[in-house]
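# Chain and residue survey
Letter by letter, the chains look like this.
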Amino acid sequence: MSAPVLTGPPAELDDLSVWPASTARLPGGNLSVGGVSLTDVAERFDTPAYVLDESEVRARCRTYRAAFPDADVLYAAKAFLSRAMARWIDEEGLGLDACSAGELELAVMAGFPAARIVLHGNAKSPRDIETALRLGVGRIVVDSPSEIARLAAQVGSGGRQKVMVRVVPGVSAGGHEKIRTGTDGQKFGLSLTDGSAQHAIARVLGQPQLELTGLHCHIGSQITDVKPYLVAVRRMVGLMARIKESHGVTFPELDMGGGHGVAYRAGESAMDLTALAHRLNGELSASCAAAGLPVPRLVIEPGRAVAAPAGVAVYRVLAVKPTGSTMFVAVDGGMSDNPRPALYGARYAPRLIGRSATAEPVATTVVGRHCEAGDILAADVLLPGDVRPGDLLAVPVSGAYQLSMASDYNLVGRPPVVAVHDGSARLLVRRETQEDFRRRDIGV
């Protein structure tokens, strides 16, 4: 049975609103990003491949600096990190939010100033803490009671480390339940409602090796509404006022985390950074005035909103198979290089590139090559009805939480990352090879 033909304006398939600003249409149905043809990337670097637009990354960093001129803006390395990315972030004046010794070492090796790095993590290993202390990170965020004594012990009697305490403010926000972190019942932070946060703060204040500079919270990810942040600010300021009353301590910093949403498909909502900055700063000032507190320095931690729109994934079609009423298009990547659809239902808008198509668009499900029924990259999307093996598909908004969450499932190997800028392309991260697997496997 053939797939149903869906009618829709050609503009729907040709919409470039979620692509990098440098994206341009080329003859023959091709696109360029950063002045580089995507088909040329596929020919030179093979597929799958990730294309990262350096200018888009830098522009988004500058947008944050302009929107929050008086705040510390930390890029969340978990979205995507490489030595080049660390250098771009540094040159644009952002700090870095890291979650492991590996991220710390990579960033510092790239020349990123350790003093502008904050270490997060709900379960920091002794190596994570040792690395942070050895490198001299600016802040360590305390996430659990057991971490306090362990951290103080590793600092030692002659040292002093600046820390923050991660508070769960009881605010639900985020695009999926698996990325909502502002409410009780999940693994991050210390609860405001049951007193865990207050108890941890008191314990930290009692440790001479630890200097508590402020509070931290992160309410979720892929948030497009400003209101949850305002509620969180009010609750965090309320806690700061109670701490001042009970301990006589005024905190100079308040970290409101990140989670700012982006549009993955044309027509979707994204966080309005200008509105967020205006209302967040206004709420912070008003809440502090009402509580009789000085306004602390604001810290924010965007990751996805910097990296995701700067990335494009390029795949080659391996098979086209009508099954019942569904047209399956299988590509040479999948859940090993992008687990987000399988993890929490992320939705993308693939586009045919490299040739002009005259066939009517049909409902298509783009799947990966892995041995899982859930290996779906994009369900019920429009592609030309004549899509065939050998074609190239490009997927925008692929710069965050794809390669950083990639795996070696089926020993396929992780794709490379190719930076494009001013008409040139260069390799940032090479493709993982079969030789890499052989070298790691030393058992007999």
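Described below are features of the structure shown in this document.

Rules behind the numbers
- Residues numbered from 1 in each chain as written.
- Predicted model: local features only at pLDDT ≥ 70, side-chain atom pairs only at ≥ 80, totals over all residues.
- Heavy atoms only, no water.
- Core = buried A, V, L, I, M, F, W, Y, C linked by side-chain atoms within 4.5 Å.
- Buried < 20%, exposed > 50% of the residue type's maximum accessible area, 1.4 Å probe, protein only.
- Helix = DSSP H or I, 4+ residues; strand = E, 2+ residues; numbered from the N terminus.
- Contact = heavy atoms within 4.5 Å.
- Pairing = 2+ DSSP bridges.
- Phe/Tyr/Trp six-rings, centres within 6.5 Å; stacked < 30°, edge-to-face > 60°.
- Expected span 1.5 Å × (residues − 1).
- Arc of directions from axis to C-beta.
- Polar contact = N/O pair within 3.5 Å; in protein donor to acceptor, adjacent residues only side chain to side chain.

A few words on the nonpolar core. If you look at the biggest cluster of nonpolar residues, it comprises 127 residues, and the most contacted ones within it are Leu-38, Phe-68, Tyr-75, Met-85, Val-165 and Leu-215. No other element matches helix H9 (residues 227-247), which puts nine residues into this core. Setting aside chain neighbours within four positions, we find Phe-68 in contact with Val-73, Leu-273, Leu-276, Ala-277, Leu-280, Asn-281, Leu-298 and Ile-300.

So, about the sheet that holds strand S2 (residues 30-33). Sheet architecture is open: three strands sit in the order S1-S2-S3, paired in antiparallel fashion. Two strands bound the open sheet, and with one partner strand each, they are strand S1 (24-26) and strand S3 (36-37). Note: S2 against S3, two bridges, orientation antiparallel. Each bridged residue has a counterpart across the sheet, and for Val-33 the counterpart in S3 is Val-36.

Moving on, we come to the packing of aromatic side chains. Scanning the model with the defined rule gives two aromatic pairs in all. Centroid distance Tyr-64 to Phe-68: 6.4 Å. Interplanar angle 15°. Geometry classified as stacked. Classification of Phe-68 by relative accessible area gives buried; the value is 1%.

Since the α-helix packs 3.6 residues into each turn, any two residues three or four apart lie on the same face. For H9, with 21 residues, the first-to-last C-alpha span of 30 Å sits near the 30 Å given by 1.5 Å per residue. Among the residues of H9, those classed as buried are Pro-228, Tyr-229, Leu-230, Ala-232, Val-233, Met-236, Val-237, Leu-239, Met-240 and Ile-243. For H9, the elements touching its buried residues are strand S9 (161-168), helix H8 (196-205), strand S11 (210-216), strand S12 (253-255) and helix H10 (273-291). Two residues or fewer past H9, Gly-248 is found with a positive phi of approximately 70°.

This part is about helix H5 (residues 101-109). All of the buried residues in H5 are Ala-101, Glu-103, Leu-104 and Ala-107. Along the axis of H5, the buried residues cluster in a sector spanning 165°; they form a single face. Looking at the buried residues of H5, the elements they touch are helix H4 (83-91), strand S6 (95-98), strand S7 (117-119) and helix H6 (126-135). Gly-111 occupies a position one or two residues after H5 and carries a positive phi of about 95°.

Its location among the elements puts Asn-338 in the loop between strand S15 (326-331) and helix H12 (340-344). The class for Asn-338 is buried, based on a relative accessible area of 4%. Within the local environment of Asn-338, its side chain forms a polar contact with the backbone nitrogen of Arg-340, the two atoms lying 3.2 Å apart. Non-local contacts of Asn-338, meaning those with residues more than four positions away in its chain, are made with Tyr-50, Tyr-315, Tyr-348, Leu-377, Tyr-401 and Gln-402.

Before going further, it helps to examine the environment of Val-167. Position of Val-167 among the secondary structure elements: in strand S9. Looking at Val-167, the relative accessible area reads 1%, which means it is buried. Separated by 25 residues in the primary sequence, Val-167 and Leu-192 have C-alpha atoms spaced 6.4 Å apart. If we ignore the near neighbours within four places in the chain, the residues touching Val-167 are Leu-190, Leu-192, Ala-197, Leu-215, His-216, Cys-217, Met-236 and Leu-239.

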